[in-house]
Each structure stands twice: as C-alpha cells, then as structure tokens.
Amino acid sequence: MSRRAVGARLRAVLDTLGSQAWWLLPLSFAALLFLGQRTSDIEPFRINELIGMPCVPTEDGDWTTVKLPLVRDGDCWLLRTSIDADALELRGAGLLMMGLDQDAAVFINGAQVRNMPLLEGQSYYAGSLWLAIGSGMLQPGSNELLLELRSEPGPRPWVALSGLAVGPLEILEQRQMWHQRLQRDGARLALVLIFAVVLFVLPIAISRPREPIYRWFAVSLVCAAVYVSHFAAELRLASPAVWAWLIHAALAISLWSMAQVSSQMLKRPPARWWNAAVVAALLGLTLAKVAGGPGPVAAMGVGLYRVILLVMTLHLSWFWWQGRHLALKPDGRWFAVAVLFQAGLGLFDSLRAVLRAQWATHGYSLHWAILYFTLLIFVALLVRILQALRESERSRAQLAQDLAIRSRELEEEFSRRRTAEAARTLADERQRIMRDMHDGVGGQLVALMAQVQSAPPQASLIVDHLRRTLDELRLMIDSLDEACADLSVALGMFRARMESLLTQYPVRIRWRTAQLPDLPPVPPSTVLQVLRILQEALSNALKHAHATEIAISADWDGARLQVEVRDDGNGGLEERSGGRGLASMRSRAQSIGAQLSFEDAHPGVGVRLELPLASS
Amino acid sequence: MSVAELESSTLAPVAVLIVEDEPRTRARLAGVLAPQSRFQLIDAVATLADARTALQQQMPGVLLLDLGLPDGHGVDLIRELRGLPQPPEILVISVMGDESSVLAAIEAGAGGYLLKDSADAEVIAAIDQLLHGGAPLSPSIAVHLMRRLQSLPAAGQARSTSVLSAREIDLLKLIAKGLSYEEVAAALGLRYNTVASYAKELYRKLQVHSRSEAVFEAVQMGLMSVGPR
C-alpha cells in the first residue's frame with residue numbers, strides 16, 4: 001500500500017472517530033477525574049472533604065487543635081469526616097495524613113504521638129504524615145484524635161490538610177511508599193501531563209482549518225490539566241497561590257473562548273473592547289480571588305467572580321437555546337440544557353458557600369462544569385469541521401471526476417475535428433495541386449506535343465515551350481515551399497531563380513524587392529498566382545518589348561503588397577500578347593482577391609499587382 | 001577569386017567524380033570539367049554501386065552527386081562519406097534546387113548544390129566556390145536554415161546561447177529577401193568570400209545539429225551508449 005493510501009486510510013479512521021466520538025469525551029473526562037482522585041481511594045477509610053481549615057492563629061502560642069471526630073471548636077472551622085471510629089477495628093491500623101502545610105503535633109487520647117515541624121520550603125500539599133497506631137491506642141467508642149496545628153504568620157492564616165486516611169498498616173504503607181516515590185521522581189506528573197496533552201491538545205493541533213480560538217481552548221485545557229495533575233502528584237512546584245490561580249485562569253480562558261466562539265456566530269459580534277473588558281474582569285477577579293485572604297473584601301471579590309461566571313454561562317445557554325448558528329443547530333438545545341444545568345450547579349455551589357460562609361471549602365461543580373462544557377463545544381466544532389472537510393473532499397473528488405470525463409470528451413471531439421479538418425485540407429490541397437498541374441504544366445506539355453508533331457517542328461518554339469514548362473514547375477515547387485508562404489521570401493526566390501536565367505538576355509533588370517519586411521503568411525495558391533503573374537509580366541516584357549531595362553519593385557504599406565514590373569520597351573499594351581496573356585493575368589489576380597492594373601506609358605508598360613494581406 | 005586567378009594558381013589538380021544517371025547531363029558535366037587543367041576527372045558513373053567502386057579506388061576532392069539514382073538515394077552515400085576522416089566536398093546535382101531535396105542532402109553532409117540546367121560557367125563557379133570554403137544559399141533555404149537553427153533545443157547544446165550569431169541572422173534575412181552575395185556583402189560591409197563562407201559555416205552548424213540530434217535520438221532509443229567514442 002502506498003504512503004498516500006495509508007494516509008487516506010488514517011484520515012478516514014480519524015474522521016470516523018472524530019464524528020462519532022461523543023462517547024469518548026465523558027470517558028476521557030472520567031479518566032482525568034479518576035487520575036485526580038487516585039490518592040484517596042483506600043475504601044472505606046477515605047475522608048473526602050478534608051481539604052482545608054481556615055484558621056485564625058490563637059494568641060497562646062499559635063497552636064490550633066483539630067479534633068477527630070470533628071466538631072466546631074473556638075475560632076477554627078473543623079472538619080467533618082466520614083470516619084466512624086466506633087465501627088472500626090483499629091488494631092494494627094495506621095494513620096496517613098497528606099497535605100499538611102503547617103507544623104503539626106498529633107495527639108491520640110491526649111498523648112502526643114508525633115511532632116512534625118514544618119520543613120523549610122514545604123508548602124500546601126507537602127507534608128505527608130505517616131503514623132502507626134499501636135494496639136489499644138484508638139479504642140472504639142472512647143477515642144479522640146487531636147491534631148494540633150500551628151499556622152505560619154502571614155497573609156494566609158489557614159491550615160490545609162488535603163487527605164487523611166486511616167486503615168490497615170499494609171495498605172497505608174504501600175500508599176506511603178508510592179507517594180514518596182512519586183514525589184521523588186515526578187513520574188506521575190509526566191504521566192498526567194502526557195495524558196492531558198494527548199487527550200486534549202492533539203486533536204486541537206491536528207484539526208484544520210486552524211482557528212485562533214483553538215489556541216485559547218488549548219491553553220485553557222493545558223492549565224486545567226496541569227492543575228488536575230497537581231492533585232494527583234502532590235507537586236512541590238509552586239506556591240498554592242499559583243495553583244489556585246491556574247485553575248481559575250483556565251476557567252476564565254475557556255469561558256471567554258466559548259463566548260468568543262458564540263459571538264463569532266452572531267451577525268453583529270460584540271465590539272472588541274467588550275471582549276477585552278470581559279477578559280480583563282475575569283483575570284482580575286481570579287487574581288483578586290487568589291490573592292485576597294478571608295474577609296469581607298475578598299468575599300465580595302469571590303462572590304463577584306462567581307456571579308460573572310454564572311451570568312456568562314446563563315448567557316451562553318440562552319445563545320445556544322436560540323440556535324442562531326445553523327451549522328450547530330441540532331445540538332444547540334443540548335448545549336443550552338448542559339449550560340443551564342451547569343449554571344444550576346454553580347448556583348448550588350455558591351449558595352452552599354454563602355450559607356456556610358466557608359470560602360475555602362467551596363464546591364467545584366461550577367468549575368468542572370465549565371471545563372466540561374468547553375470540551376463539549378470543542379468536540380462539537382471539531383466534528384462539524386471534520387464533516388465539512390469530508391464533504392468538501394467528496395465534492396471536490398466528484399468535481400475532478402466530472403472534469404476529467406468532460407475534458408476527455410472534449411479532447412476526443414477536438415481530435416476528431418482536427419483529423420477531419422486535416423483530411424479536408426489535404427484533399428483540398430491535393431485537388432488544387434492537381435488543377436494547377438493540369439492547367440499549368442499539363443497545358444504546356446500539350447502545346448509542346450502539338451509543336452513537336454507539327455511539320456516541320458520548330459526548335460526555337462519547342463525550347464520556348466520547354467522553358468515555360470520548367471518555369472511553371474519551378475513556380476509550383478516554390479509556391480509549395482513553406483518558407484515562401486511569406487511573399488517577401490517568395491519574391492526573393494523568384495529573383496534568385498530569374499537572375500541566373502536572365503543573364504542570357506541583353507537587358508538590365510533592376511530589383512527593388514529586398515527591402516520588404518516579413519509578411520503575413522498566405523496559402524500556396526496565392527503564392528503561385530502571384531509568381532505566375534510576375535512571371536508572365538516579366539516574360540512579356542522580355543519577349544515583346546525589346547526593353548533595355550526592366551524594373552521589378554515591391555512595396556508594403558502595412559495592409560497591401562504592391563508589386564510592379566515596369567519596362568522601357570517600345571510599344572504599348574496592344575502590341576503585347578494579343579490580349580490573351582493579359583486576360584489570364586487578370587483572372588489569376590481576381591482569383592486571389594488582388595487588383596491588377598496596366599499602365600501604358602508609351603514607350604514601356606507598367607504592370608502593377610495590389611494584394612491586400614490580412615495581418616496575422 | 002576569379003577563374004583566371006585560380007587557373008594561374010600552382011595547386012595540384014583536384015580530383016572530381018561525377019555520379020549522374022542521366023547520360024546527357026553526365027556527359028555535359030564531364031565535358032565541362034575535362035578541359036579544365038585544374039580538375040582531374042576520375043570517372044563519371046551512373047549508379048551508387050559504381051560510385052562506391054570508384055571511391056574505393058581513389059578518393060576525389062569533389063563529388064558531383066545526383067540524388068535520385070537507379071540503385072538508391074544519393075543521401076545514403078553522403079552519410080557514408082561523412083564518417084571518413086577527410087570526406088570529399090560534395091555538390092548535389094538538383095533539378096530544382098528546392099528546399100525539400102537540397103536541405104536533406106546538406107543536413108547529411110553535402111556542401112552545396114548545383115542546378116542541373118546551370119550554364120557551364122556556373123558549374124565551374126560552383127565547384128570553385130565550394131573549394132574555397134563557400135556555399136550557395138537560396139532565399140528559401142536561408143529561411144529554413146534560420147528556422148531550424150533558431151529552434152534548436154537548448155538542452156542538446158553545450159552552449160546556452162543561440163546557435164546563430166547576430167551577424168549570421170542578419171545575413172540570412174538579407175539572403176531570404178533575394179539579395180545576391182555581392183549585395184549582402186555590400187550591405188553588411190563584408191567581402192564576397194566572407195559571405196560565402198558564412199553560408200558554409202551555417203551548413204556545418206546544421207550538420208552538427210543534425211548529427212547531435214541523431215546521436216541524441218540514438219541514445220534515447222537505447223541504440224547507443226554515451227561515453228568516449
């Protein structure tokens with residue numbers, strides 16, 4: 001199979017996948033989520049919502065106590081867990097805490113079992129605390145797990161604990177080792193990044209035609225993928241503020257991209273400044289959201305941010321519901337429903353956050369929903385583009401096929417006509433040559449025969465006839481010469497032939513024909529008639545006039561060729577040739593559309609031929 | 001150069017072979033040449049076979065060759081002779097001096113042509129012209145030469161420039177309008193002999209071209225391999 005065929009086949013497979021890949025999208029989305037959740041899959045001991053604890057440092061030594069099971073205690077909002085210690089058999093169990101970003105001292109039943117000072121450079125998800133809980137330390141019913149946490153003084157006075165798992169030692173050990181290894185070599189980061197890139201960026205990269213908006217989609221997706229990967233691998237790459245900003249930027253970019261795509265489909269897209277303002281507001285709000293701590297101003301910023309996201313999703317939902325873009329019309333309502341659903345989720349999230357005043361532990365529904373919707377639109381566009389491409393390729397192939405058939409037909413028709421034309425021309429030319437031979441050489445030969453048979457034959461007359469026959473034959477051959485289609489060359493040829501013959505006559509011949517330019521080509525019949533007329537005029541002058549000088553001249557005025565044979569001999573027209581030769585010259589001239597005029601100068605005669613020539 | 005000058009020259013007589021099947025013409029040409037001390041008539045034969053025999057015995061300096069012979073075409077003999085290290089000068093005897101018969105002979109290697117009904121003096125003059133590096137050139141043949149040489153494929157030539165020089169083109173144009181060599185010489189500020197030798201040079205170019213074309217075709221058809229010959 002040739003390379004081209006393989007390429008076409010590959011393209012066809014890609015097209016098919018692209019056009020029927022709706023199911024791939026939720027699958028890939030789920031796969032990404034799955035990867036992001038991998039660290040907390042130790043059922044049934046997982047603590048799902050253990051994310052972060054806004055915590056005002058206490059005055060007495062800055063330590064904060066976290067109790068498990070959790071209750072509200074003092075200034076700290078403590079965590080709800082799904083651990084029910086009563087139901088557990090905790091002999092031989094362990095405790096794995098992940099993502100401690102503060103100093104931590106762990107107490108179990110009032111006794112400190114571990115003190116873990118924060119290492120320099122550690123951050124958000126850095127601390128991973130592993131405790132083996134000995135037999136009897138954690139008894140069903142009467143246990144209290146206390147975490148004493150001390151937050152750093154600074155602009156971000158809250159404590160984060162990203163995961164906590166209690167379970168059998170062997171499982172937790174494995175988990176701990178796995179975490180350490182991942183943290184060491186960053187393999188998982190690479191894995192997740194490659195996955196994200198392949199899943200989202202590659203289709204964008206290969207899709208044609210390439211719209212500028214795809215770049216923004218791609219940027220947004222990469223941001224989101226990196227963000228998700230940091231959940232998975234507990235990266236130490238950057239400060240938490242960067243991570244938080246990354247995901248919000250991703251959301252803002254994708255939302256903006258969607259708004260762009262949608263507005264492009266409008267007859268009157270919004271002004272450029274409007275787009276710029278939206279982008280600036282979104283990015284500014286994401287910065288405000290990340291940089292600000294808890295407090296009324298930050299809360300207002302966050303609230304505004306969420307409101308804008310919600311408004312934009314609602315707006316998009318309205319747009320798609322109206323189905324203004326014909327190409328996406330069948331799917332528009334589905335998009336609208338999806339967006340509306342997401343807006344609902346976002347509203348729910350927001351209400352939850354407001355009601356609890358729990359800014360740090362807000363839900364993620366709105367964010368995921370926006371991301372999901374981004375993908376939805378992107379895949380829909382990709383599918384349309386692929387379909388349009390396939391359609392255009394098909395019609396182009398059809399067109400090319402039609403064209404090939406038509407041009408073949410035309411070619412055949414052309415060659416048929418050309419063959420017929422050539423055959424007709426050939427037949428005409430043959431007929432003409434036969435006629436010329438019959439009239440010219442044939443006539444001369446018949447006259448010659450009569451002369452020879454007459455008694456007694458006159459040698460001078462026979463020679464004269466023979467000379468005429470030979471001349472006629474020369475004229476015919478010259479007229480058939482391709483080079484003589486140019487009458488200026490034909491005249492040159494006539495001169496060259498005559499000059500050697502005329503040496504025997506005691507007459508001076510003056511030629512003035514060499515100054516002619518190249519003339520438009522004429523058919524051989526015209527050349528022959530012109531040469532015959534000249535020959536006749538010349539031989540008349542030689543034979544009958546007893547001239548001392550004969551002038552042969554030619555002129556070209558751009559449209560007409562004038563050839564003149566003038567002698568200074570005695571006698572006028574009447575004395576020459578008995579009129580018969582003149583009549584034949586006239587009819588020859590007439591047959592080629594030329595004018596022949598005689599000038600009786602006494603002494604001498606001028607014969608003038610005027611031939612109009614259509615310039616090529 | 002005039003006949004008198006030539007006659008007074010001390011050169012050895014030039015050997016001439018006549019190949020002409022028509023007895024009267026053959027006899028007439030032989031009769032024209034025989035009395036000339038500058039020429040030594042080897043033989044006057046009627047067929048290609050006799051011509052080949054005569055050529056094997058003695059290579060003439062000038063060959064007067066009719067084209068339509070009973071046992072073949074004169075062009076074949078011209079081609080055979082062209083391969084020789086020192087081929088004779090060949091004058092084709094033509095009834096009409098027309099392009100179709102003469103040009104093929106020139107292309108094959110002939111140095112000129114002689115009209116069958118030329119006067120005796122013209123025969124001598126034509127041979128002299130040939131021996132002194134000249135050649136006859138009719139208007140029609142001039143046009144055909146110009147067309148053929150100007151349309152040479154550039155790839156087939158070592159030089160990328162035109163085969164014809166500007167001076168040669170000027171000369172061909174004047175000849176094509178019927179000017180005689182004397183008039184051309186006057187118009188271009190050349191000597192008569194120079195004009196005549198231009199014609200010879202043009203024939204040589206045509207021959208080289210036709211040869212390279214033949215080689216090219218032979219190579220194309222796989223009949224010949226390209227390499228040192």
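Summary of the structure given here.

Each helix and strand counted, chain A has 14 helices and 14 strands in total. Per-residue burial over chain A gives 44% buried out of 616 residues. Sequence separation of 24 or more characterises 76% of the internal contacts of chain A that already satisfy a separation of 6 or more. Accessible surface, chain A: about 32700 Å² in total, of which carbon and sulfur atoms supply 61%.

Residue and element names in this part refer to chain A. Reading across the sheet, the five strands line up as 10-11-12-14-13 and stay open at both edges, with mixed pairing between neighbours. Unpaired on one side and paired on the other, strand 10 (508-512) and strand 13 (595-600) mark the two borders of the sheet. The average angle at which neighbouring strand axes cross in this sheet is 10 degrees, direction not considered. With seven bridges joining them, strand 12 (residues 560-567) and strand 14 (residues 605-612) adopt antiparallel strand pairing. By the bridge assignment for strand 14, Leu561 is matched with Leu611. Those strands touched by helix 12 (residues 487-502) are strand 10, strand 11 (549-556), strand 12 and strand 14, and its axis lies near 165 degrees from that of strand 10.

We now examine helix 3 (residues 48-57) of chain B. All names here are of chain B. The set of residues buried in helix 3 consists of Leu48, Ala51, Ala54 and Leu55. In a view along the axis of helix 3, the buried residues occupy a sector of 120 degrees, so they form one face of it. Residues Gln56 and Gln57 are exposed on helix 3 and point more than 90 degrees away from its buried face. Looking at the buried residues of helix 3, the elements they touch are strand 1 (14-19), strand 2 (39-45), strand 4 (68-69), strand 5 (72-73) and helix 4 (74-82).

Looking now at the nonpolar core. If you look at soluble globular proteins, the nonpolar side chains tend to sit buried side by side. Within the largest apolar cluster, 99 residues are counted, with the highest numbers of intra-cluster contacts made by A:Leu487, A:Ile550, B:Ile78, B:Leu137 and B:Leu145. Element by element, the count of residues in this core is highest for helix 13 (residues 524-544) of chain A, at ten residues. Residues B:Leu33, B:Phe39, B:Ile93 and B:Ile124 belong to the second largest nonpolar core, which totals 17 residues.

The next thing to look at is the interface of chain B and chain A. Taken residue by residue, the interface counts 19 residues in chain B and 22 residues in chain A. Both faces combined, the contact of chain B with chain A buries some 1600 Å², and carbon together with sulfur accounts for 54% of it. Broken down residue by residue, the surface that chain B buries against chain A is led by B:Met96, B:Asp117 and B:Lys177, which jointly contribute 41%. Counting across the interface, chain B meets chain A through five salt bridges.

Turning to the pairing of strand 13 of chain A, a few remarks are in order. All names here are of chain A. In this sheet, strand 14 lies alongside strand 13 in antiparallel orientation, the contact comprising six bridges. When the sheet's bridge partners are listed, Glu599 is paired in strand 14 with Gly606. The loop that links strand 13 with its antiparallel partner strand 14 comprises four residues; one of these, His602, has a positive phi angle of about 45 degrees.

This next bit is on the packing of helix 11 (residues 459-480) of chain A against helix 13 of chain A. Residues and elements named next belong to chain A. Remark: helix 11 packs on helix 13, axes separated minimally by 8 Å, with the N-to-C direction vectors making an angle of 150 degrees. By the angle between their axes, helix 11 is roughly antiparallel relative to helix 13. Judged by the twist between their axes, the crossing of helix 11 over helix 13 is right-handed. On the side of helix 11, the interface is formed by Asp464, Arg468, Asp471, Glu472, Leu475, Met476, Asp478, Ser479 and Leu480, while helix 13 contributes Pro524, Val527, Leu528, Leu531, Arg532, Gln535, Glu536 and Lys543. Looking at side-chain class alone, the contact of helix 11 with helix 13 contains seven nonpolar, two polar and eight charged residues.

Residue and element names in this part refer to chain A. Under the defined criterion, the tally for this structure stands at 35 salt bridges over all chains. In this structure, Asp436 engages Arg432 in a salt bridge whose closest nitrogen and oxygen atoms are separated by 2.4 Å. Taken together, the positions of Asp436 and Arg432, both in helix 10 (residues 365-453) and four residues apart, correspond to about one turn of that helix. Note on accessibility: Asp436 and Arg432 belong to one class, buried. Glu564 is paired through a salt bridge with Arg566; the nearest N and O atoms lie 3.3 Å apart. On the accessibility criterion, Glu564 (14% relative accessible area) is buried. The structure contains a network of salt bridges with shared partners spanning Glu429, Arg432, Asp436, Glu472 and Arg532.

Rules behind the numbers
Residues numbered from 1 in each chain as written. Chains lettered and ligands numbered in written order. Predicted model: local features only at pLDDT ≥ 70, side-chain atom pairs only at ≥ 80, totals over all residues. Heavy atoms only, no water. Helix = DSSP H or I, 4+ residues; strand = E, 2+ residues; numbered from the N terminus. Buried < 20%, exposed > 50% of the residue type's maximum accessible area, 1.4 Å probe, protein only. Contact = heavy atoms within 4.5 Å. Areas by Shrake-Rupley, 256 points an atom, 1.4 Å probe, with all protein chains shown as cover. Pairing = 2+ DSSP bridges. Axes fitted to C-alpha atoms, helices over the stretch in contact; angles between N-to-C directions. Arc of directions from axis to C-beta. Core = buried A, V, L, I, M, F, W, Y, C linked by side-chain atoms within 4.5 Å. Buried area = accessible area lost by both parts, 1.4 Å probe. Salt bridge = Lys/Arg side-chain N within 4 Å of Asp/Glu carboxyl O. Parallel < 35°, antiparallel > 145°, perpendicular 65-115°, else oblique. Left-handed = near helix turned anticlockwise from the far one by under 90°. Nonpolar A, V, L, I, M, F, W, Y, C, P; charged D, E, K, R; others polar.

These results come straight from atomic positions and should not be treated as a statement about function.
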